[in-house]
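# Commentary on secondary and tertiary structure
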Amino acid sequence: MSSTETHHGYHDQKDSHLKRLRRIEGQVRGLQRMVEEDKYCIDILTQVSAATKALQSFSLELLEEHLEHCVVDAARRGGPEAQEKVREASDAIARLVRS
């Protein structure tokens, strides 16, 4: 890897993340199918809840990786980049809590 090439915190788990996202995509497509087939509202809402939880779980894992990799690396270097990474993480946490 060259000195200008960087990896994000999720890099080592990229294949696993893509697999999870494809499963979530399948859940959302299933929701579309349920609506097309006029399934019962409560059944659809149950599946919406499952897809939402799957996305929340993915988000938390990605956030943890960001904190462990990007934020910690920036903190070690110090300076304005460290402050920026902490602010970004705080903003991301706030968005997740509001959702």
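You'll find the structure just up there.
Attention here is on the structure that accompanies the text. (Residues numbered from 1 in each chain as written. Predicted model: local features only at pLDDT ≥ 70, side-chain atom pairs only at ≥ 80, totals over all residues. Heavy atoms only, no water.)

## Focus on helix α2 (residues 41-77)
Its 37 residues give α2 an end-to-end C-alpha distance of 52 Å, which sits within 8% of 54 Å, the value for a rise of 1.5 Å per residue. Here α2 has its buried residues at I44, A51, A54, F58, L63, E65, H66, C70, V71 and A74. Residues of α2 that are buried sit in contact with α1 (14-36) and α3 (80-98). Among the residues trailing α2, G78 stands out with phi positive, at a value near 75°. (Helix = DSSP H or I, 4+ residues; strand = E, 2+ residues; numbered from the N terminus. Expected span 1.5 Å × (residues − 1). Buried < 20%, exposed > 50% of the residue type's maximum accessible area, 1.4 Å probe, protein only. Contact = heavy atoms within 4.5 Å.)

## A short note on the side chain of H17
Residue placement: H17 occurs in helix α1. A relative accessible area of 3% means that H17 is categorised as buried. For H17, the contacting residues outside a window of four places in its chain are Y10, F58, E61, L62 and E65.

## Let's talk about the pattern of salt bridges
Scanning the model with the defined rule gives 8 salt bridges in all. Between R20 and E61 there is a salt bridge whose closest N-O contact spans 2.4 Å. Of this pair, R20 sits in helix α1 while E61 sits in helix α2; the two residues are 41 residues apart in sequence, bridging distant segments of the chain. Exposure remark for R20: the relative accessible area of 15% places this residue in the buried category. Residue classification places E61 among the partly exposed residues on the basis of a relative accessible area of 28%. Of the charged contacts, one joins E88 and K85 as a salt bridge, the two residues approaching to 3.8 Å between their closest N and O atoms. With a gap of 3 residues between them, E88 and K85 both fall in helix α3, about one helical turn apart. (Salt bridge = Lys/Arg side-chain N within 4 Å of Asp/Glu carboxyl O.)

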